[in-house]
Amino acid sequence: MKNFWSEQRYQQYTKATAFWNYPEIPFGPFLKKIIKPDDIVADIGCGFGVASVYLAQFCRKVYAIDQDSFALQKVEIAAREKGVNNIETICAVWPNLDLGQCDVIVALYHYHFAHQAEKIAKLKEMTGRAGIISCQGTKERESFHLDLKKRLGLPWTENDMNCDNGCYVKGRLEQAGFQVKCDMVPHDFGQPVDSIEEAAFFMIDQLKLDQSYRSEVQRFAQNNLIKIRGQLVIPIKRFNCLLTYYA
């Protein structure tokens, strides 16, 4: 299994999720609408399990599924600290897992989750009643990434401009026999930081730059941070296509 996450990214991510009250904002109303108290829920691509712990409040059991064993250790720690005992972690690469049908499937920010026939087939097999998938919408995120690359004279990549169109995923789900509802859901998810230095560190890590860019990135950060509720924040706004589907 691959490990994509690190302690540093864990600290950054949990700092952001706490600040923005994620996933209650923006996905809470949609999740609560389809999840029932006796449901078994699969959180696929759960990462550090912030959504898994949140979902566990509303259902009988959550399977927190990810291919990163380090992230799953953090899920288990978070569950213990919060007194949550209805989460089971599973280390697996989607769609290669042996798990029976679940009432609800959740995949938040797990891009390319339903793009191939074998993934749709597995989704069909596992979905008991309904599911929610967040896709990158047709509008690009608003963030520092392109502006900073331009300032540094770095080329853009396909990932910088990639738009994972939810309409394609919606079509694949409908072909599989699901009824699908699409909502466009904007999501402020900027990174809270406590200093210019921390902001520069985050930007360098995000763009996978070497330390020779540090001075220039710090100057860029100084002019691009904003304050929200007294907290310095690197502004990032995502535009999601949220697909709710029904078996």
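Everything discussed here concerns the structure shown above.
Residues numbered from 1 in each chain as written. Predicted model: local features only at pLDDT ≥ 70, side-chain atom pairs only at ≥ 80, totals over all residues. Heavy atoms only, no water.

Caption draft 1: Focus on the sheet that holds strand β8 (residues 226–228). Spatial strand order, β7-β9-β8: three strands in an open sheet with antiparallel pairing. Each of the sheet's edge strands pairs with one partner strand only, and the pair in question is β7 (191–193) and β8. Strand after strand, the sheet turns through a mean of 50° between neighbouring axes, direction not considered. (Pairing = 2+ DSSP bridges. Helix = DSSP H or I, 4+ residues; strand = E, 2+ residues; numbered from the N terminus. Axes fitted to C-alpha atoms, helices over the stretch in contact; angles between N-to-C directions.)

Caption draft 2: Quick look at the environment of Glu 174. Tracing the sequence through the fold places Glu 174 in helix α8 (residues 166–175). Distance in space between the C-alpha atoms of Glu 174 and Thr 127 is 14 Å, their sequence separation being 47 residues. A polar contact of 2.7 Å, which involves the side chain of Glu 174, links it to the side chain of Lys 170. (Polar contact = N/O pair within 3.5 Å; in protein donor to acceptor, adjacent residues only side chain to side chain.)

Caption draft 3: Seen up close, the side chain of Gln 191. Mapped onto the elements of the fold, Gln 191 is located in strand β7. At 3.0 Å, the side chain of Gln 191 and the backbone oxygen of Gln 12 are in polar contact. Each residue touching Gln 191, except ones within four places of it in the same chain, is listed here: Gln 12, Lys 15, Ala 16, Phe 202, Leu 232, Val 233, Ile 234 and Ile 236. (Contact = heavy atoms within 4.5 Å.)

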